[in-house]
Amino acid sequence: MIISRYAVIDSGMVVNIVLWDAESSWDPGEGLDVVLINEGVDANIGDSYIDGVFKDI
């Protein structure tokens, strides 16, 4: 099992960062999206996520 970092996105904003294996059942909540944070990508709570890109705001 590989555990990776995922960003929880609400309306284009990173609202949480979680560790998840992407196999276990997990629901971030209604209206929220989950996006894999690839190795070497800097993503933090409060960043924007637009068109597949994390951006510090």
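Refer to the structure printed above.
Conventions adopted
- Residues numbered from 1 in each chain as written.
- Predicted model: local features only at pLDDT ≥ 70, side-chain atom pairs only at ≥ 80, totals over all residues.
- Heavy atoms only, no water.
- Helix = DSSP H or I, 4+ residues; strand = E, 2+ residues; numbered from the N terminus.
- Buried < 20%, exposed > 50% of the residue type's maximum accessible area, 1.4 Å probe, protein only.
- Patch = residues over 30% accessible without salt bridge, like charges linked within 9 Å, V, L, I, M, F, W, Y side chains within 5 Å.
- Areas by Shrake-Rupley, 256 points an atom, 1.4 Å probe, with all protein chains shown as cover.
- Salt bridge = Lys/Arg side-chain N within 4 Å of Asp/Glu carboxyl O.

Draft legend 1. Quick look at unusual backbone geometry. At Ser 11, a residue that is not glycine, the phi angle is positive and equals roughly 55°. Tracing the chain through its elements places Ser 11 in the loop between strand S1 (4-10) and strand S2 (13-20). Take Ser 11: its relative accessible area is 77%, and that puts it in the exposed class.

Draft legend 2. Just a nonpolar patch on the surface, in detail. Among the surface-exposed residues, Met 1, Ile 3 and Leu 19 lie close enough to one another that they form a single nonpolar patch of about 410 Å² accessible area. Tracing the sequence through the fold places Met 1 in the segment before S1. The exposure class of Met 1 is exposed, given its relative accessible area of 74%.

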